[in-house]
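Fold and geometry: a report
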Amino acid sequence: MTQRFKDKVAVITGGNSGIGLAAAKAFAREGAKVAITGRSEDTLRAAEKEIGAGTLALQADLSKLAGIAAFRDRVRETFGRIDALFVNHGVAIPGAFESVSEAHFDEMVDTNVKGAFFTIQKTLPLLTRDSAVILNASINAHRANSAGAVYALTKAAIVNLGKSLASDLAPRGIRVNVISPGPVETPIFGRMGFPEEQMRQMKEQVAGLVPLKRFARPDEIAAAVLFLASSESSYVVGSELIVDGGMMRT
């Protein structure tokens, strides 16, 4: 296997499950030293074993600056730098527009937007020249969903943030790009609180909108993340890579 990231340091927020875990494992397979964050100690420990020896697994609440600073300091103490940063953490809490509370709104915006913004800002001193930052958005930034106004708002903000930071950080030799997945088989669906039968029906309906008629596997999204982090995309800056099985074209 090609070792595109041999002796590089890859940091993945929300790397304890789903797309983040798949990306962390892929970086490790290609030679990277890996650090992940997550909120659940149990899933962090399980992910640490899956990724392999030498993984730095940190429990952190990245909706708060204190959590971001603590995680950044541990990465600096352990590895001293960051060559690839995948800003992947996020929450999705569905809710009809008229029932969205301030607490609901604040949790999603603080985690998905504020957390992404300050994760990049606070780790900036560790990002090397020729490093790459990839932000995980969603096709929900472009495609409306019932009961998903706040989530879509946060993902649209991530797309715009990526494009803005691409200009800000290019002079430092740091490439910033965004990946927007379509529907992916990840644990986030199980955390939405829907009854099992309703969730099954909803997933079938969503899959029917995808020309490939299925959800993506996390490793398929991870492959696109590694492309954007590698030298193979050295002239790709400020772009949004949509990986959705053709859903946006329907």
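As a reminder, the structure under discussion sits directly above these lines.
Below is a summary of the structure that appears in this document. If you're wondering where the values come from, they're calculated on a predicted model, not measured in any experiment.

In this section: the overall build of the protein chain. Assigned secondary structure in the protein chain consists of seven helices and seven strands. For the protein chain, the α and β elements follow one another from N to C terminus as β-α-β-α-β-α-β-α-β-α-β-α-α-β. Relative to the compact-globule value of 18 Å for 250 residues, the protein chain shows a C-alpha radius of gyration of 17 Å, a close match. Based on the C-alpha atoms only, the size of the protein chain along its principal axes is roughly 45 × 35 × 35 Å. Counting across all 250 residues of the protein chain, residues that qualify as buried make up 49%. Sequence-distant contacts in the protein chain: of pairs separated by 6 or more residues, those separated by 24 or more amount to 71%. When the accessible surface of the protein chain is split by element, carbon and sulfur atoms take 53% of a total near 11,800 Å². Looking at the protein chain, you have 29 positive and 26 negative side-chain charges, and the mean spots of the two groups are 5 Å apart.

What follows deals with the packing of aromatic side chains. What the rule picks out here adds up to two aromatic pairs. With a centroid separation of 4.9 Å and 75 degrees between ring planes, the pair formed by Phe5 and Phe27 is classed as edge-to-face. One end of the pair, Phe5, is in the segment before β1 (9–12); the other, Phe27, is in helix α1 (residues 18–29), and 22 residues separate them in sequence. Residue Phe5 shares its accessibility class with Phe27, and that shared class is buried. When the centroid spacing of 5.0 Å and the interplanar angle of 70 degrees are considered together, the rings of Phe117 and Phe118 count as edge-to-face. By relative accessible area, Phe117 is classed as partly exposed at 35%.

A volume near 310 Å³ is recorded for the second largest pocket. In terms of lining, the second largest pocket is formed by 16 residues, of which the most central are Lys8, Asp130, Ala229, Ser230 and Ser231. Secondary structure elements with two or more residues in the lining of the second largest pocket: β4 (82–87) and β5 (127–136). For the lining of the second largest pocket, the leading source of residues is β5, giving five residues. Its residues assigned to classes, the lining of the second largest pocket shows four nonpolar, six polar and six charged.

The next point concerns the pairing of strand β3 (residues 56–59). Bridge analysis of strand β2 (residues 33–38) against β3 gives four bridges, and the strand direction is parallel. The residue bridging Thr37 from the neighbouring strand is Leu58, located in β3. A crossover links β2 with its parallel partner β3, the connecting element being helix α2 (residues 41–51), and its sense is right-handed.

The N-to-C vectors of α1 and helix α7 (residues 218–229) enclose an angle of 55 degrees; their axes lie 8 Å apart at closest approach. Compared by their axis directions, α1 and α7 come out oblique. For the pair α1 and α7, the crossing hand works out as right-handed. Residues Gly18, Ile19, Ala22, Ala23, Ala26 and Phe27 of α1 form the contact with α7, whose participating residues are Pro218, Asp219, Ile221, Ala222, Val225, Leu226 and Ala229. Split by residue class, the contact of α1 with α7 holds 11 nonpolar, one polar and one charged.

Moving on to the packing of helix α4 (residues 102–123) against helix α5 (residues 149–169). α5 packs onto α4 with a crossing angle of 15 degrees between their chain directions and a minimal axis gap of 10 Å. As the angle between them shows, α4 and α5 are arranged roughly parallel. For α4 against α5, the interelement crossing comes out right-handed. The segment α4 lies against α5, with His104, Phe105, Met108, Val109, Asn112, Val113, Ala116, Phe117 and Ile120 engaging Val150, Tyr151, Leu153, Thr154, Ala157, Ile158, Leu161, Leu165 and Leu169. A breakdown of the residues in the contact of α4 with α5 according to their chemical character gives 15 nonpolar, three polar and no charged.

Moving on to empty space enclosed by the protein. Empty space among the atoms becomes apparent when a probe as large as a water molecule is rolled across them. Scanning the model with the defined rule gives one cavity of 30 Å³ or more in all. Lining the largest cavity, in full, are Val87, His89, Asn112, Ala116, Leu135, Asn136, Lys155 and Ile158. Elements with a minimum of two residues in the lining of the largest cavity: α4, β5 and α5. Partitioned by chemical class, the residues of the lining of the largest cavity number four nonpolar, three polar and one charged.

About the cut-offs
Residues numbered from 1 in each chain as written. Predicted model: local features only at pLDDT ≥ 70, side-chain atom pairs only at ≥ 80, totals over all residues. Heavy atoms only, no water. Helix = DSSP H or I, 4+ residues; strand = E, 2+ residues; numbered from the N terminus. Rg over C-alpha atoms; globule rule 2.2 N^0.38 Å. Buried < 20%, exposed > 50% of the residue type's maximum accessible area, 1.4 Å probe, protein only. Contact = heavy atoms within 4.5 Å. Areas by Shrake-Rupley, 256 points an atom, 1.4 Å probe, with all protein chains shown as cover. Lys, Arg positive; Asp, Glu negative; His and termini not counted. Charge placed at Lys NZ, Arg CZ, Asp CG, Glu CD. Phe/Tyr/Trp six-rings, centres within 6.5 Å; stacked < 30°, edge-to-face > 60°. 1 Å grid on protein atoms, 1.4 Å probe; cavity = no way out; pocket = protein on both sides within 12 Å on 5 of 7 lines; lining within 4 Å. Points joined across faces, edges and corners; volume = space filled by probe spheres on them. Nonpolar A, V, L, I, M, F, W, Y, C, P; charged D, E, K, R; others polar. Pairing = 2+ DSSP bridges. Right-handed = clockwise from strand over helix to strand, strands pointing away. Axes fitted to C-alpha atoms, helices over the stretch in contact; angles between N-to-C directions. Parallel < 35°, antiparallel > 145°, perpendicular 65-115°, else oblique. Left-handed = near helix turned anticlockwise from the far one by under 90°.

Any link to function would need more than the numbers given here.
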